[in-house]
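Each chain, letter by letter, is given below.
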Amino acid sequence: MAIKPSDVLRKKRFGGELNEAEIRAFVKGATDGSWADYQLSALLMAIAIHGMTDRETLSLTLAMAKSGDALDLSDIPGVKADKHSTGGVGDTTSLILVPLAAACGLRVAKMSGRGLGFTGGTLDKLESIPGMRIDIGVEEFKGIVRKVGCAIVGQTASLAPADKVLYALRDVTETVDCMPLVVSSILSKKLAAGADVVVLDVKTGSGAIMDAFGKSQKLARDMVRIGNLSGRRFSALITDMDQPLGMHIGNALEVEEAIDVLAGRTAGQLKEVALELGAHMLRNAGIAQDVGSAKEMLSERIASGEGLEKFAEMIEAQGGDPRVCFDTALLPKAKRRIDVPAARDGYVAATRTSDIGNAAKLLGAGRERKEDALDLSVGIVMKKRIGDPVRRGEPVMALHAGERSDVVGAMTLVNRAISISEQPVKAPALIHAVVE
């Protein structure tokens, strides 16, 4: 007997627990259009009000993952790994840890997205590399992972299509931040992408979707718990986004910083988070016994140059120019550079990350709508971090601008983002928690 939308709506309206068949009917209705938008929206709102049990959330995640074509990576030898970030500013960890982990013998099959708003997208960064292809068919994608050990490509349209429908409705019904819906949205795509091991980077702070630690912690715990119930191996790190993670914000600029890290020229917080995420990936895949030895293994691949060579190999396999790894001058460069001076002596007390991300967007590094064109050369280079001493007139950052950049708007935002204290300021913790 067919399950009626009205019966499912009535049950959840009064706080009942939906069974697997009812949830499958809901997801099928979203995928094939047999449920009207107002019915889908009504159930989303009921879920936002009453929540979901772990059993419901797992059923929703699995149904969404199976709503389209799921990748079968079983014909690629070894353990396959993936990584997901909830989004941030100056967060270029994927371009570092993916080739490093592959250089350690792990197969990393990563599907990524584009940036929207002030959050950067891995695909946009990769497209600043001349010739780089990210729209690659499944068989070619698997072939690159099999041969090179890693690949980073765009998500196929057939991957968890129910999520696209439901996310669009969540966006206009004020149900975006409903925790079971967030968890099922993220995990359904990760499960459909076929990896055995997934490491999650959950951001917290002024530049994160979850700006409070308590919310970030709940999201991390829920995703790891539901992910592990699915039969895969999940871990999560809760990392700081009260300031940009890297010193470079903007597509080509971030690729350059990632290359500098892989080449051993740059240290700092971006490298630290990339190594920590990569270490959990290697440990969960059984390549290293523990996180400490895994970090040593990754660090050795930087020192030997193997990580950078692997990145060049991946770029070449995806049609890009591998020479950028050894000559970053081949990346797009902005026409103008404008220093932003400190207003007074003191210590950097705060760098409101969302304002800095939005300033980079005004320069042309980000988009408001999916169809917006980017200037891959523009962005911001940070000169100071929270806790650093600064003198009046000393640059705290530099804007890299193009012909269409709104420099005045960007300057207004970055001046508002930076706070300077007369008293010394302690730098924020970088990794707030680990969820196993």
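## Some words on the packing of helix α5 (residues 93–103) against helix α12 (residues 269–284)
Reasoning step 1: Where α5 contacts α12, the two axes come as close as 9 Å, and the packing angle between them is 40 degrees. As the angle between them shows, α5 and α12 are arranged oblique. As for how α5 packs across α12, the hand of that crossing is right-handed. Contacts between α5 and α12 involve Thr93, Ile96, Leu97, Leu100 and Ala101 from the first element and Leu270, Val273, Ala274, Leu275, Leu277, Gly278, Met281 and Leu282 from the second.

## Section: the pairing of strand β8 (residues 346–351)
Reasoning step 1: Taken together, the two bridges between β8 and strand β10 (residues 389–390) define a ladder with antiparallel strand orientation. Residue pairing in the sheet places Tyr347 in a bridge with Pro389 of β10.
Reasoning step 2: Two strands pair when backbone bridges link them, and β8 and strand β12 (residues 418–421) are joined in this way by four bridges, in the antiparallel orientation. Opposite Ala350, over in β12, you have Ser419 as the bridge partner.

## A closer look at the side chain of Ser59
Reasoning step 1: By secondary structure assignment, the location of Ser59 is in helix α4 (residues 54–65).
Reasoning step 2: Once you skip the residues sitting within four places of it in the chain, Ser59 turns out to touch Glu20 and Ile23.

## Side note on helix α13 (residues 291–304)
Reasoning step 1: For α13, which comprises 14 residues, the first-to-last C-alpha distance of 20 Å matches the rise-based estimate of 20 Å (1.5 Å per residue) to within 8%.
Reasoning step 2: Every buried residue of α13 is accounted for by Val291, Ala294, Met297, Leu298, Arg301 and Ile302. The buried residues of α13 occupy an angular sector of 145 degrees when projected down its axis, which confines them to one face. Those residues of α13 that are exposed and angled more than 90 degrees off the buried face are Glu296 and Ala303.
Reasoning step 3: Elements that come into contact with the buried residues of α13 comprise α5, α11 (251–262), α12 and α14 (306–317).

## A short note on the environment of Ile134
Reasoning step 1: Note on placement: Ile134 falls in the loop between α6 (122–126) and α7 (138–148).
Reasoning step 2: Accessibility expressed as a relative area gives 2% for Ile134, which makes it buried.
Reasoning step 3: Note: C-alpha distance between Ile134 and Ile152 (18 residues apart in sequence) is 7.0 Å.
Reasoning step 4: Those residues in contact with Ile134, other than ones at most four positions away along the chain, are Arg114, Leu123, Leu126, Glu127, Ile152, Val153, Gly154 and Gln318.

Conventions used here
Residues numbered from 1 in each chain as written. Predicted model: local features only at pLDDT ≥ 70, side-chain atom pairs only at ≥ 80, totals over all residues. Heavy atoms only, no water. Axes fitted to C-alpha atoms, helices over the stretch in contact; angles between N-to-C directions. Helix = DSSP H or I, 4+ residues; strand = E, 2+ residues; numbered from the N terminus. Parallel < 35°, antiparallel > 145°, perpendicular 65-115°, else oblique. Left-handed = near helix turned anticlockwise from the far one by under 90°. Contact = heavy atoms within 4.5 Å. Pairing = 2+ DSSP bridges. Expected span 1.5 Å × (residues − 1). Buried < 20%, exposed > 50% of the residue type's maximum accessible area, 1.4 Å probe, protein only. Arc of directions from axis to C-beta.

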